[in-house]
Structure formats: C-alpha cells, structure tokens
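# Tertiary structure, described
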Amino acid sequence: MKNFACANCGSRVYFENVACLACGYRLGFDAATLTMATLAGPRSAGGAYRRVGGKARGRVRLRYCANTVHGVCNWLTPEGDDSGLCKACDLNRTIPNLAEPGNLKAWAELERAKKRLIYALLRFGLPYEGQPPAVRPMTFDFVRDAATGHLDGVITIDVMEADAVERERQRQHFQESYRSLLGHLRHESGHYFWTVLIDTQGRHEEFRALFGDERQDYPAALARHHAEGPPADWQNSHVSAYASAHPWEDWAETWAHYLHMVATLDTAEAQGMEPRAAGLTLGAIWPFKAYDIYRDDSFGALMDRWIPLTLAMNNLSRSMGHDDFYPFVIPAPACAKLAFVHEVVRRGAG
C-alpha cells in the first residue's frame, strides 16, 4: 500500500481513514486516481465535496459511497454517478442482514478486506468487469451459514469468517498455517481470474504443465482431500497443503500467495523498511528510487526482495513472542507456478 498525505496539512493518512486526525479535513479514497482525496465541505446539505489540492480530476466533485452511512466504506464516487455506490461496493450482490446482531461489524470487516483486494486489482489493471457473455462480472455474496467459494463469477464468503475466534477455530481444525479474511478473498478471486486469464485465453496446456489437469473430478478431489488430507510430500511442490487438493485449488492458492507478496512488498517499500538480498545489510533503509511493483518488477527481482523481507519479519515476530509472520517455504516447483502467475498477470493487465 502506498503512503498517502492530507492535501491540506501534509500529515500522513491511511487507506481506511475518513478524516485527517491532524487538521480534521474529510478524506476518502478516489478509485479513479488511486489516491486518498482531501475534501472541502459541500456548499449545501447533501451536496458533493470539492477535492483539495492537486490538479487530478480537475473540477469533478465527489460524493461518498452510499454505504458510508453504515460506517463500512470510505470510497468516493463522481457527483454524477447515479448508482451512489463506489467501484467496490457496486460489486456486492448480497450483504449481511443488518437487522441481525453482529452483522454490521462483520460487514465492515468484510468490506475492509474486499477494498484491499479491489485496490490491488486496480493497481494491476486486471479486468473484473467480466467479458459478456462468456464471463460474468465479479460479484460478492456476504451471507451467514454459507459455503465460502466461487461459482460463475460470484464470490461467496460466510459472514462467520469475519469473526476472529471462529476463523482461528477453523484454522486449527484444518491445520492451516495461515488463514485470514483477505486471504480468502484473494484465493476466491484466483478462481475468477482462472476463467478470465487462463480459460478464455486458451492457455490450458501451459497451465496443465505446471498445475496438473484441471479436468479431473473436482468434487471427488475435494472430498478425498478433506477425508484423507494432503499427500505426505505436498511441501515439495505446493505453497500450501490445500493447494494439493486439485489443480484449480493449486492455482487459487498460488494466485493468493502472489497477491500477498506484491501487496506486502509495496507496503514495505513505501514504509522504507525493505531489506534487499544483494548489496545491503539486512534491515537497511531502502535507498533506491520507488517504482510500481504492480507493473514494473520482474519476477526474479520480486523474489530477490521477498525472501530477505520475510526473514526479517519472521525474526521481528519471534522477538515479540509471536509465531512467524510468514510460515511458508516455497519449493522450486511452486516458485515456477508463482512465476507463471506473474507472467499471466502482466499479460492480462490493462
């Protein structure tokens, strides 16, 4: 995540902020410019805000997303947008029943994670609007007592995944080293983009050479995985145990892992805390010019940056008495899969 600053006072502000804590000016995320906008108040009740500072977007006035009234969104829309919803909230097909206790808090957690996913897709320039009639737009169902998954463009997330206690119980039950709400969303988006970037592009043979034949019985493969667990040697070729269940799950787990890497490196560089593999003492302040890791980096350069960063973060976590920040080891076959995802993303970006 890039650093943002208040255009009125210059103080640092963050992706989820709705106001500058230093000067009190209103803030919102402008998806058209991928920046946090500082806003001057509307001239009348219910009017649109004027963006403070800079020349971006000229004289376009901005409104908050309609879901801002629920405290679940800080994204902005142009004044003339009839939908009233931002680019991210407009993707929702179903939201939790807000009459049920706890659902508003859960929805806020779900939206916070989803906004980071959509931010990354915008930074990559990846198409999530669909390619009718073959591919539907990416949409979201946030519902209680549902199976988390993806089907025909719809990503379904069980509301209980927003409960930290329940999520930890599930993590231990499935013997997972890592489980998060954002991880779920990144994983399920991988299923969506398999259709967009592999299936519709006819890249099946390239995919099968690395991940295996996706035409094998999917329900049977998942049932076998849940009944028998992963093969004993899964760590030799997969990023996670679940990735060994089926080639589609291998792709989705690898896709999510790649998004983890890029987003974390982007944040580390912005914070000036990224150690580099060659030429620097581990932990040195990043001294080089910034560039867009979502568009400019080669996969080799990305890995050269990723490995020392995770080693440093693991040591920091242990110093605080916590488990490893990054509890993964990437074997060579999984690294080749990540490189394939990198190439597919770069080719598919707008």
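Residues numbered from 1 in each chain as written. Predicted model: local features only at pLDDT ≥ 70, side-chain atom pairs only at ≥ 80, totals over all residues. Heavy atoms only, no water.

## Notes on the pairing of strand E11 (residues 154-158)
To be explicit about the condition: Partly exposed residues are those whose accessible area sits between 20% and 50% of the maximum for their type, while under 20% is buried and over 50% is exposed, using a 1.4 Å probe and protein chains only. Starting at the N terminus, helices and strands are each numbered in turn, a helix being any DSSP run of H or I of at least four residues and a strand any DSSP run of E of at least two. Being paired, for any two strands, means DSSP has found at least two bridges between them.
Among the 5 residues in E11, 5 count as buried, and that is most of the element. Residues Val154, Thr156 and Asp158 line one face of E11 and the alternating positions Ile155 and Ile157 line the opposite face, and both faces are buried. Across 5 bridges, the pairing between strand E9 (residues 139-143) and E11 is parallel. From the neighbouring strand, Asp141 faces E11, where its bridge partner is Thr156. Across 3 bridges, the pairing between strand E10 (residues 149-151) and E11 is antiparallel. The residue bridging Leu151 from the neighbouring strand is Val154, located in E11.

## As for the pairing of strand E4 (residues 35-40)
Of all 6 residues in E4, 5 are buried, a share of seventy percent or more. Relative to E4, strand E3 (residues 26-30) runs antiparallel, the two sharing 5 bridges. Opposite Asp30, over in E4, you have Thr35 as the bridge partner. Linkage of E3 to E4, two consecutive antiparallel strands, is achieved through a turn of 4 residues, within which Leu34 is found at a positive phi near 55°. Examined bridge by bridge, E4 and strand E5 (residues 50-51) share 2 bridges and lie antiparallel to one another. Residue pairing in the sheet places Ala40 in a bridge with Arg50 of E5.

## Comments concerning unusual backbone geometry
Excluding glycine, residues mostly carry a negative phi; peptide bonds, for their part, are mostly trans. Positive phi, normally seen in glycine, also occurs at Leu34, with a value near 55°. As for its placement among the helices and strands, Leu34 is situated in the loop between E3 and E4. The phi angle at Asp152 is positive, at roughly 50°, despite the residue not being glycine. By relative accessible area, Asp152 is classed as exposed at 53%.

## Quick word on the environment of Ala268
Among the secondary structure elements, Ala268 is positioned in helix H6 (residues 247-270). Ala268 sits in the buried class, given a relative accessible area of 5%. Separated by 267 residues in the primary sequence, Ala268 and Met1 place their C-alpha atoms 8.3 Å from one another.

## Digging into the pattern of salt bridges
Going by this rule: A carboxyl oxygen of Asp or Glu within 4 Å of a side-chain nitrogen of Lys or Arg is what we treat as a salt bridge.
If you walk through the whole model with that rule in mind, you get 19 salt bridges. The shortest N-O distance in the salt bridge between Lys114 and Glu111 comes to 3.2 Å. Of the two residues, Lys114 and Glu111 are both situated in helix H1 (residues 103-124); the distance of 3 residues between them amounts to about one turn of the helix. Put simply, Arg123 and Asp266 hold a salt bridge, and the shortest N to O gap is 3.1 Å. Residue Arg123 is located in helix H1, and its partner Asp266 is located in helix H6; the two are separated by 143 residues in the primary sequence. Look at Arg123 and you get buried, because its relative accessible area is 6%. For Asp266, a relative accessible area of 5% puts it in the buried group. Connected through shared salt-bridge partners, Glu205, Arg208, Asp213, Glu214 and Arg215 make up one network.

## Considering the sheet that holds E11
In sheet architecture, strand pairing relies on hydrogen bonds along the backbone and comes in two forms, parallel and antiparallel. This is how the line gets drawn: Axis definition: a line fit to C-alpha positions, over the contact stretch in the case of helices; interaxial angles, taken between N-to-C directions, run 0 to 180 degrees. The contact rule is simple, with two residues in contact once any of their heavy atoms fall within 4.5 Å.
A sheet is described by the order of its strands in space; here 4 strands give the open sequence E8-E9-E11-E10, paired in mixed fashion. Across the chains shown, the open sheet's two edge strands, defined by having one partner strand only, are strand E8 (92-94) and E10. With strand direction ignored, the average angle separating the axes of adjacent strands in the sheet is 25°. The strands that H1 touches are E8, E9 and E11; relative to E9, the one it contacts most, it runs at about 160°. Strand contacts of helix H3 (residues 181-199): E9, E10 and E11, with the helix running at about 155° to E11, the strand carrying the most contacts.

## Here's the deal with H3
The condition is simple: Multiplying one less than the number of residues by 1.5 Å gives the expected span of a helix. As used in this structure description, the phrase polar contact means that two N or O atoms lie within 3.5 Å; if the pair is within protein, one of them must be able to donate a hydrogen and the other to accept it, and residues adjacent in sequence are counted only when both atoms belong to side chains.
With 19 residues, H3 should cover 27 Å at 1.5 Å per step; its first-to-last C-alpha distance of 26 Å lies within 8% of that length. Judged by how many residues are buried, H3 sits mostly within the fold: 17 of 19 residues are covered. A side-chain oxygen of the first residue of H3 lies 2.9 Å from the backbone nitrogen of Gly183; this N-cap is Ser180.

## Describing the side chain of Glu161
Secondary-structure assignment places Glu161 in the loop between E11 and helix H2 (164-173). Given a relative accessible area of 8%, Glu161 falls into the buried group.

## Here we look at the packing of aromatic side chains
Inclusion rule: Two aromatic rings from Phe, Tyr or Trp, using only the six-membered ring of Trp, form a pair when their centres are within 6.5 Å; if the ring planes differ by under 30 degrees the pair is stacked, by over 60 it is edge-to-face, and anything between is tilted. Whether a charge sits over a ring depends on NZ of Lys or CZ of Arg being within 6 Å of the ring centre and within 35 degrees of the ring normal.
In this structure the tally under the stated criterion is 22 aromatic pairs. For the ring pair Trp194 and Trp248, a centre distance of 5.7 Å and an interplane angle of 70° mean the geometry is edge-to-face. In this pair, Trp194 is assigned in helix H3 and Trp248 in helix H6, connecting sequence segments 54 residues apart. When the ring of Tyr218 is compared with that of Trp248, the centres are 5.3 Å apart and the planes differ by 65°; the resulting orientation is edge-to-face. Linking Tyr218 in helix H5 (residues 218-228) with Trp248 in helix H6, this pair joins segments that are 30 residues apart in sequence. By relative accessible area, Trp248 is classed as partly exposed at 27%. Within the aromatic cluster, the residues linked to one another by ring pairs are Tyr192, Phe193, Trp194, Phe207, Phe211, Tyr218, Trp248, Trp251, Trp255 and Phe340. Taking the ring centre of Phe140 as reference, the NZ or CZ of Lys114 above it sits at 5.3 Å. Cation over ring: Lys115 sits above Trp75, and NZ or CZ is 5.9 Å from the ring centre.

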